[in-house]
Amino acid sequence: MTMRFDGRVAIVTGAGGGLGREHALALAKRGAKVVVNDLGGARDGSGGSATAAESVVAEILAAGGEAMANAASVTDYAAVEAMVATAMAKWGRVDILVNNAGVLRDKTFAKMELDDFRFVMDVHLMGAVHCTKAVWDIMRDANYGRIVMTTSSSGLYGNFGQSNYGAAKMALVGLMQTLSIEGAKNDIRVNCLAPTAHTRMTEDLGARLPLELLGPDTVTPGLLHLVSEDAPSRCILTAGAGGFERAYVTLTQGIRAVGEDAPEQVAARFAEISDRTGEIVPEMGAAQGMIELTKAQQALA
């Protein structure tokens, strides 16, 4: 069956270009009404203009879709609330939120100013928090919601010169993990998308990547699934060049070490602690404590 979004209202942040634009166009093409949000600033977050968002809206309208432009900064909670209120006034609902807005201020940690670290955290993490908070009660009242956080392999696995970006992107995974639990009873499904795509955010990697294979359009099919009626929840989907994979945060079975020589035991048996045989994907954070208490109880039995 063709995946459709007729009657759904979606907010896509950072949708003036790159991945966000592709997401917004695809959602509109499949029937969604779309709020195209983009501050219209430079890659480092400076400046701002509604032109980028308006251009995407013009594309959607020309294709027969419905959309509105919004140039709010996701770092401004009052402006985000106003954006959501405008969507509610016009269309009466918000079903989908794609947290895609982002900036880069790359430097090695030794050379990075704290203001640059804080700003990247504010845009990626607090921007997603602001947008999600603004729609959360709407989705709870409707007993329906689909939210995607845009994470990154830089957060999941690290990347040189991106301590601020990586920290923000991994924080979004933690946010998704908890919100997926809290939203379950109201059918609010929360997921992460980790894209590999050629956009202005990755243009400096040019010579190292086969750019012709990395169009944003190769990522968007994964996004559409994550916001569909049949979406999973609590998934980290990675996507790029037409490839789709799933990343997990796992927990090994480990060992139990107690006593005066416990540090030495940990050191001597670190390979055993690291052994991935029998590793699990915990349902929630309490699983770690349960595994550890089980070891202790078994040792004392």
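Scope of this entry: the structure provided in the associated data block. (Residues numbered from 1 in each chain as written. Predicted model: local features only at pLDDT ≥ 70, side-chain atom pairs only at ≥ 80, totals over all residues. Heavy atoms only, no water.)

Below, the discussion takes up the pattern of salt bridges. One side chain can pair with another of opposite charge once the charged atoms of both are near each other. Applying the stated rule across the entire model yields 13 salt bridges. Put simply, arginine 105 and aspartate 116 hold a salt bridge, and the shortest N to O gap is 3.0 Å. Here arginine 105 is found in the loop between strand S4 (96-99) and helix H4 (114-142), whereas its partner aspartate 116 is found in helix H4, with 11 residues between them in sequence. Look at arginine 105 and you get partly exposed, because its relative accessible area is 23%. Judged by its relative accessible area of 17%, aspartate 116 is buried. Salt-bridge contacts for arginine 189 lead to aspartate 187; the nearest nitrogen and oxygen are separated by 2.8 Å. Of the residues examined, aspartate 187 reaches a relative accessible area of 24% and is grouped as partly exposed. (Salt bridge = Lys/Arg side-chain N within 4 Å of Asp/Glu carboxyl O. Helix = DSSP H or I, 4+ residues; strand = E, 2+ residues; numbered from the N terminus. Buried < 20%, exposed > 50% of the residue type's maximum accessible area, 1.4 Å probe, protein only.)

To continue, consider the packing of helix H1 (residues 18-29) against helix H2 (residues 51-62). Where H1 meets H2, the closest approach of the two axes is 10 Å, and the angle between their N-to-C directions is 25°. Between H1 and H2, the interaxial angle falls into the category roughly parallel. Where H1 crosses over H2, the two elements pack in a sense that is right-handed. Taking contact as the criterion, the partners of Arg21, Ala24, Leu25 and Ala28 in H1 are, on H2, Val56, Glu59 and Ile60. Split into classes, the residues belonging to the contact of H1 with H2 amount to five nonpolar, no polar and two charged. (Axes fitted to C-alpha atoms, helices over the stretch in contact; angles between N-to-C directions. Parallel < 35°, antiparallel > 145°, perpendicular 65-115°, else oblique. Left-handed = near helix turned anticlockwise from the far one by under 90°. Contact = heavy atoms within 4.5 Å. Nonpolar A, V, L, I, M, F, W, Y, C, P; charged D, E, K, R; others polar.)

Moving on, we get to the environment of alanine 241. For alanine 241, the position within the fold is in the loop between strand S7 (236-240) and strand S8 (243-247). Residues alanine 241 and leucine 213, spaced 28 residues apart in sequence, show a C-alpha to C-alpha distance of 5.2 Å. Not counting chain neighbours up to four residues away, the residues in contact with alanine 241 comprise Thr196, Leu213, Leu214 and Thr218.

Right, let's talk about the side chain of aspartate 38 for a bit. Looking at the secondary structure, you find aspartate 38 in the loop between strand S2 (33-37) and H2. Using a relative accessible area of 11% as the deciding quantity, one classes aspartate 38 as buried. Within polar-contact distance, the side chain of aspartate 38 engages the backbone nitrogen of glycine 16 at 2.7 Å. Within the local environment of aspartate 38, its side chain forms a polar contact with the backbone nitrogen of glycine 40, the two atoms lying 2.7 Å apart. (Polar contact = N/O pair within 3.5 Å; in protein donor to acceptor, adjacent residues only side chain to side chain.)

With that out of the way, let us pick up the sheet that holds strand S5 (residues 145-150). Pairing is mixed in the open sheet, where eight strands are placed in the order S3-S2-S1-S4-S5-S6-S7-S8. Only two strands of the sheet have a single neighbouring strand rather than two, namely strand S3 (66-70) and S8. Geometrically, the sheet is characterised by an average inter-axis angle of 20° between neighbouring strands, direction not taken into account. Pairing of S5 with strand S6 (residues 188-196), which is carried by six bridges, proceeds in the parallel orientation. Counted as the bridge partner of valine 148 is asparagine 191 from S6. Running over the sheet, H2 touches S2 and S3 and is turned about 175° from S3. Against the sheet, helix H3 (residues 77-91) makes contact with strand S1 (9-12), S2 and S3, and its axis sits at roughly 155° relative to S3, the strand it touches most. (Pairing = 2+ DSSP bridges.)

Moving on, we get to the nonpolar core. In terms of nonpolar packing, the biggest core is built from 43 residues, with Ile11, Val94, Ile147, Met149 and Val190 touching the most fellow members. Counting residues per element, the ones that place at least two in this core are S1, H3, H4, S5, helix H6 (163-183) and S6. With 12 residues, H4 is the single largest residue contributor to this core. In contact with isoleucine 147, other than residues within four places in its own chain, are Leu97, Asn99, Thr132, Trp136, Met139, Ile188, Arg189, Val190 and Asn191. Membership of the second largest hydrophobic core comes to 31 residues, among which are Val34, Val57, Ile60 and Leu224. (Core = buried A, V, L, I, M, F, W, Y, C linked by side-chain atoms within 4.5 Å.)

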